[in-house]
Amino acid sequence: MIKLIATDMDGTFLNDENQFPREFPAVFEQLKEKGIIFGAASGRQYYNLAERFGPLADDMLFIAENGSIVVYKDKEIFSNPMRPEAVKEVVEVARGIEGLHIVLCGKKAAYYENNSPEVLKEIDKYYTSRKHVTHFSEVEDDILKISLLDFQGAETHSYPSFKKFQGDLQVTVGGYVWLDIMNEGSNKGIAMQRIQERLGISPNDTMVFGDYLNDLELMEKAYYSYAMANAHDKIKEVSRFVTKWDNNESGVIETIKEAVLASK
């Protein structure tokens, strides 16, 4: 029996125009009536997610910043800030890579030095609470994640320079242009495990949806693991199911309707 559903956002729940599935509010209410918890598991900032879901956010679960912070019904239940020394070291390496733009993702806001139009266009998509600084030394906040914006392609261009941090830190390709670096032990899968333990929900009662490499660990924490039809091949390899519909066809909602709401 499904008790918990969590979905990635970009490329999964949202279509390519960054829009919600039209039927979501009605489906959310049906899930709520059945006592099923619905959550978003995303590399996005918590404030951005809460704003996007509006009033529905009050009853939702959020795994934000790729698992670095978890909020349920507007209350923080888990967070894992990075050590200042680790933040400094990663920033120093990032500054040495041409064309790489740094975002420090804190509990209070996301901080950035480069405010060029092309950079701001990407930051605005994912960070509602954000602040431009002349230098990161101005930042006084717990840093949950460092996001590196790489227009040349994170997986092939910048990721190799940060592989050396694996083991001490979690280095995850969050999208074509995003590379995310967090504490080791911070990912969507570990966050989901903590949630399951806290709420008394087993993997067999959990359904998850994802499309990209930062969803790999999440897929391992649910029996009902669904790769989107448009997902990265590695996500399809580790998932138990693949949706019939892609993100532009409301694949998450259509699957929930068929596999959860239509079942007796």
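Preceding this section is the structure that the text describes.
The paragraphs below set out a description of the structure included in this document. On a predicted model such as this, the values are computed, not experimentally measured, just so you know.

Some remarks on the overall build of the protein
- Per the secondary structure count, the protein includes 10 helices and 14 strands.
- Relative to a compact globule of 264 residues, whose C-alpha radius of gyration would be 18 Å, the protein shows 18 Å and is just as compact.
- Across its three principal axes, the protein shows a C-alpha extent of roughly 55 × 35 × 35 Å.
- Put simply, the protein has 264 residues, and 54% of those count as buried.
- Considering only contacts within the protein whose residues lie at least 6 apart along the sequence, 57% involve residues at least 24 apart.
- Put simply, the protein shows about 11900 Å² of open surface, and 45% of that area lies on carbon and sulfur atoms.
- With 30 positive and 42 negative side-chain charges, the protein shows a spacing of 4 Å between the two charge centroids.

Describing the sheet that holds strand 8 (residues 130-132)
- The six strands lie next to each other as 8-7-6-9-11-10, forming an open sheet whose pairing is mixed. Each edge of the open sheet carries a strand with a single partner, namely strand 8 and strand 10 (169-173). Across this sheet, the average inter-strand angle for adjacent strands is 20°, counted without regard to direction.
- This element, helix 4 (residues 84-95), spans strand 6 (100-106), strand 9 (143-150), strand 10 and strand 11 (178-183) of the sheet and lies at about 160° to strand 6.
- Packing against the sheet, helix 5 (residues 117-126) makes contact with strand 6, strand 7 (110-112), strand 8, strand 9 and strand 11, and its axis sits at approximately 30° to strand 6.

Examining the nonpolar core
- Of all hydrophobic cores here, the largest spans 53 residues; its most connected members are I5, F13, L31, F38, F53, I256 and V260.
- The element that contributes the greatest number of residues to this core is helix 10 (residues 251-261), accounting for five residues.
- Ignoring anything within four residues of it in the chain, the contact list for I5 reads L31, I36, I37, F38, G39, M207, F209, I256 and V260.
- In terms of nonpolar packing, the next biggest core, distinct from the first, is built from 29 residues, V93, L148, A154 and L169 among them.

A short note on the environment of L199
- Its place among the elements puts L199 in helix 7 (residues 188-199).
- Along the sequence, L199 and E51 sit 148 residues apart, while their C-alpha atoms lie 25 Å from each other.
- Not counting residues within four places of it along the chain, the set of residues in contact with L199 comprises I37 and Y72.

Quick word on a negative patch on the surface
- A cluster of acidic residues, E89, E92, D168 and E184, forms a negative patch on the protein surface.
- With respect to the helices and strands, E184 occurs in the loop between strand 11 and helix 7.
- We classify E184 as partly exposed; its relative accessible area is 42%.

Digging into the packing of aromatic side chains
- A full pass over the atoms with the stated rule returns 21 aromatic pairs.
- Measuring from centroid to centroid gives 5.6 Å for Y46 and F62, while their planes differ by 70°, and the two rings are edge-to-face. Here Y46, found in helix 3 (residues 46-53), pairs with F62, found in strand 3 (residues 61-64); they are 16 residues apart in sequence, far enough to count as distant.
- For F62, a relative accessible area of 1% puts it in the buried group.
- Between Y126 and W178, the aromatic rings sit 5.8 Å apart at their centres with planes inclined by 90°, giving edge-to-face as the arrangement. Pair noted here: Y126 is in helix 5 and W178 is in strand 11, with a separation of 52 residues, a long-range link. Of the two residues, Y126 and W178, both sit in the buried class.
- Counting every residue linked through ring pairs, the aromatic cluster contains F13, F20, F24, F28, F38, Y46, Y47, F53 and F62.

Parameters and conventions
- Residues numbered from 1 in each chain as written.
- Predicted model: local features only at pLDDT ≥ 70, side-chain atom pairs only at ≥ 80, totals over all residues.
- Heavy atoms only, no water.
- Helix = DSSP H or I, 4+ residues; strand = E, 2+ residues; numbered from the N terminus.
- Rg over C-alpha atoms; globule rule 2.2 N^0.38 Å.
- Buried < 20%, exposed > 50% of the residue type's maximum accessible area, 1.4 Å probe, protein only.
- Contact = heavy atoms within 4.5 Å.
- Areas by Shrake-Rupley, 256 points an atom, 1.4 Å probe, with all protein chains shown as cover.
- Lys, Arg positive; Asp, Glu negative; His and termini not counted.
- Charge placed at Lys NZ, Arg CZ, Asp CG, Glu CD.
- Pairing = 2+ DSSP bridges.
- Axes fitted to C-alpha atoms, helices over the stretch in contact; angles between N-to-C directions.
- Core = buried A, V, L, I, M, F, W, Y, C linked by side-chain atoms within 4.5 Å.
- Patch = residues over 30% accessible without salt bridge, like charges linked within 9 Å, V, L, I, M, F, W, Y side chains within 5 Å.
- Salt bridge = Lys/Arg side-chain N within 4 Å of Asp/Glu carboxyl O.
- Phe/Tyr/Trp six-rings, centres within 6.5 Å; stacked < 30°, edge-to-face > 60°.

Note that all results are geometric; they support no functional claim without further evidence.
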